[in-house]
Amino acid sequence: MSQSNVVFAGSRNATREDLFARAEEIAADLSKRAPELDREGRPPLGEIVKLKNAGLLNALHAAQVGGGSLDWVDGLRLVRILARGESSIGQLLGYHYVNSQYVYWAFEEARAQELGNKTVANSLYWGAAVNPRDPGLVLTRRGNGYVLNGRKSFSTAAHVSDYINANAALDDRIVGFAVPTNRAGYKANDDWDNFGQRLSDSGSVEFHDFPVYEEDLDRAATVGGEAPVLATFNTPLIQLVFVNFYLGTAEGALREAVDYVRSTTRPWVTSGVERASDDPYILERVGEFTAALKASAALADSAAATVQEALAGGSRATARERGEAAAEAYAAKVHATHVSLDITSRVFELTGARSTAEKYRFDRFWRNVRTHTLHDPVFYKAKEVGEFVLNDRIPEVSLYS
């Protein structure tokens with residue numbers, strides 16, 4: 001738990017140029033340290049502090065409260081930049097963006113502004129414990145409030161979160177709420193040992209008589225019924241976070257492979273060239289990989305702009321508008337999944353056998369993408385896109401679609 005009342009230097013009112021420059025700088029530093037960070041696989045407490053100091057956590061908040069006022073297209077580009085250096089850090093930034101912005105869509109305006117102002121003033125990191133396939137949390141009424149008990153098997157940013165969005169069973173329904181992690185009864189476990197996204201801090205969390213108050217509950221929980229359309233935009237946006245850190249990971253893999261070819265790879269004996277960088281087959285693959293990444297990034301940016309436009313309707317946004325935007329996001333998800341898995345596994349065709357040495361850990365790019373692309377099956381995303389195109393059915397609203 002990293003709750004802090006410190007106002008981090010440089011975190012308020014950073015310009016767009018500042019934010020992109022700082023993201024590039026952090027990504028370059030992460031790239032240098034990534035093999036060792038991956039080897040250790042510890043919760044990235046120091047890396048989150050760097051994001052706070054750079055103002056990156058506040059990039060999407062309004063300038064009036066000290067944020068950067070970036071839109072989602074730019075915010076997701078920042079995710080992509082960071083993922084070039086270290087995939088998990090890109091993921092964590094994107095998750096924070098969705099979770100911290102969700103309060104503006106799910107809570108009454110006064111409470112949302114209160115939480116947003118607090119987030120910016122203290123550079124708080126927002127995580128979540130909402131896995132719908134793991135309904136392990138129960139809210140029980142006690143006194144003037146509630147207590148939360150149970151366990152979630154996966155909670156990305158378990159140790160580094162200052163606040164989390166969560167959901168739990170209350171009587172006969174599921175309710176949502178937002179709570180700080182520094183309350184008594186919160187326990188983040190050190191049990192994330194997957195072979196990829198090793199810095200994503202995605203272990204289990206437990207709640208033991210954790211206090212929850214009425215003010216913590218979101219709008220749907222307090223008034224009953226379904227969440228407003230606006231609050232359902234978190235799903236297409238989190239899917240676009242996936243898209244962008246997959247692509248950033250693949251861009252990082254290709255960048256490191258190109259550097260290795262220039263400095264280390266030897267030309268094949270029958271190539272007829274003196275430098276590996278002049279090998280026609282290496283050149284062809286670099287060109288193909290680059291073209292695929294540029295196409296997928298353009299699709300990602302286009303989908304982000306579509307979702308941003310629908311989201312701009314605020315409380316007037318309709319289910320149809322949300323569904324059409326979601327279909328664009330899911331098409332980008334399908335494409336980015338295939339492109340990133342292909343490139344991160346095939347960059348070794350450029351670098352050669354010696355590049356598989358453990359000291360380089362070039363396999364981390366593929367391991368990271370392979371691990372997270374299993375989050376929700378991509379063929380279901382392709383099916384949703386097909387349903388929209390062929391049968392004019394918008395994706396069903398859920399935490400996965």
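Along each chain, residue indices are assigned from 1 in the same order as the chain's sequence is written. pLDDT decides what is reported in this predicted model: residues at 70 or higher carry local features, side-chain atom pairs at 80 or more are listed and counted, and totals for whole chains, interfaces and linings draw on all residues regardless. Computation of side-chain values: all heavy atoms of the structure, hydrogens and water removed.

Some words on the packing of helix H9 (residues 319-346) against helix H12 (residues 378-391)
Note on geometry: axes are C-alpha line fits, over the in-contact stretch for helices, and angles between N-to-C directions span 0 to 180 degrees. Every helix listed is a DSSP run of H or I at least four residues long, and every strand listed is a run of E at least two residues long, numbered separately from the N terminus. Viewed as axis vectors pointing N to C, H9 and H12 meet at an angle of 135°, and their least axial separation amounts to 9 Å. Classified by the angle their axes make, H9 and H12 are oblique. Judged by the sense of rotation from one axis to the other, the crossing of H9 with H12 is left-handed. Only Val378, Lys381, Ala382, Glu384, Val385 and Phe388 of H12 make contact with H9, whose side of the interface consists of Arg320, Glu324, Ala327, Tyr330, Ala331, Lys333, Val334, Thr337 and His338. In this classification, Asp, Glu, Lys and Arg are treated as charged, Ala, Val, Leu, Ile, Met, Phe, Trp, Tyr, Cys and Pro as nonpolar, and every other residue, Gly included, as polar. Taken together, the residues of the contact of H9 with H12 sort by class into eight nonpolar, two polar and five charged. For classification purposes, angles smaller than 35 degrees are called roughly parallel, those larger than 145 roughly antiparallel, those between 65 and 115 roughly perpendicular, and all remaining angles oblique. Note on convention: the crossing is left-handed when the near helix lies turned anticlockwise from the far helix by less than a right angle, right-handed when the turn is clockwise. Throughout, a contact is declared for two residues whenever any of their heavy atoms are within 4.5 Å.

Considering the pairing of strand S4 (residues 163-170)
Here's how the labels work: a residue is buried when its accessible area is under 20% of the maximum for its type, exposed when over 50%, partly exposed in between, all with a 1.4 Å probe on protein chains only. Taking burial as the measure, the eight residues of S4 include seven buried ones, the bulk of the element. Should DSSP find at least two bridges between two strands, the strands are taken to pair. Summarising the sheet, S4 and strand S5 (residues 173-180) pair through eight bridges and their orientation is antiparallel. In the strand pairing of S5, Tyr163 is matched with Pro180. Between S4 and S5, which pair antiparallel and follow one another directly, the connecting turn spans two residues, one of which, Asp171, has a positive phi of 60°.

Re unusual backbone geometry
You will see that Ser123, though not glycine, has its phi angle at about 45°, which is positive. Checked against the element boundaries, Ser123 lands in the loop between helix H5 (109-122) and strand S1 (126-129).

Some remarks on the UniProt feature "domain: Acyl-CoA oxidase/dehydrogenase middle" (unreviewed entry) in the protein
UniProt positions are given in the numbering used here, feature names are shortened, and annotations may be inferred rather than shown by experiment. Following the UniProt record, the feature "domain: Acyl-CoA oxidase/dehydrogenase middle" (unreviewed entry) maps to residues 140-209 here. Each end of residues 140-209 is marked by a C-alpha atom, and these two atoms are 9 Å apart; helix forms 0% of the span and strand 50%.

What to know about the packing of helix H3 (residues 72-85) against helix H7 (residues 234-263)
Packing of H3 against H7 brings their axes to within 7 Å, and their N-to-C directions diverge by 40°. For the pair H3 and H7, the crossing hand works out as right-handed. In this structure, H3 uses Trp72, Leu76, Val79, Arg80, Ala83 and Arg84 to contact H7, whose residues at the interface are Leu237, Leu240, Val241, Asn244, Phe245, Leu247, Gly248, Thr249, Glu251, Gly252 and Arg255. Its residues placed into classes, the contact of H3 with H7 shows nine nonpolar, four polar and four charged.

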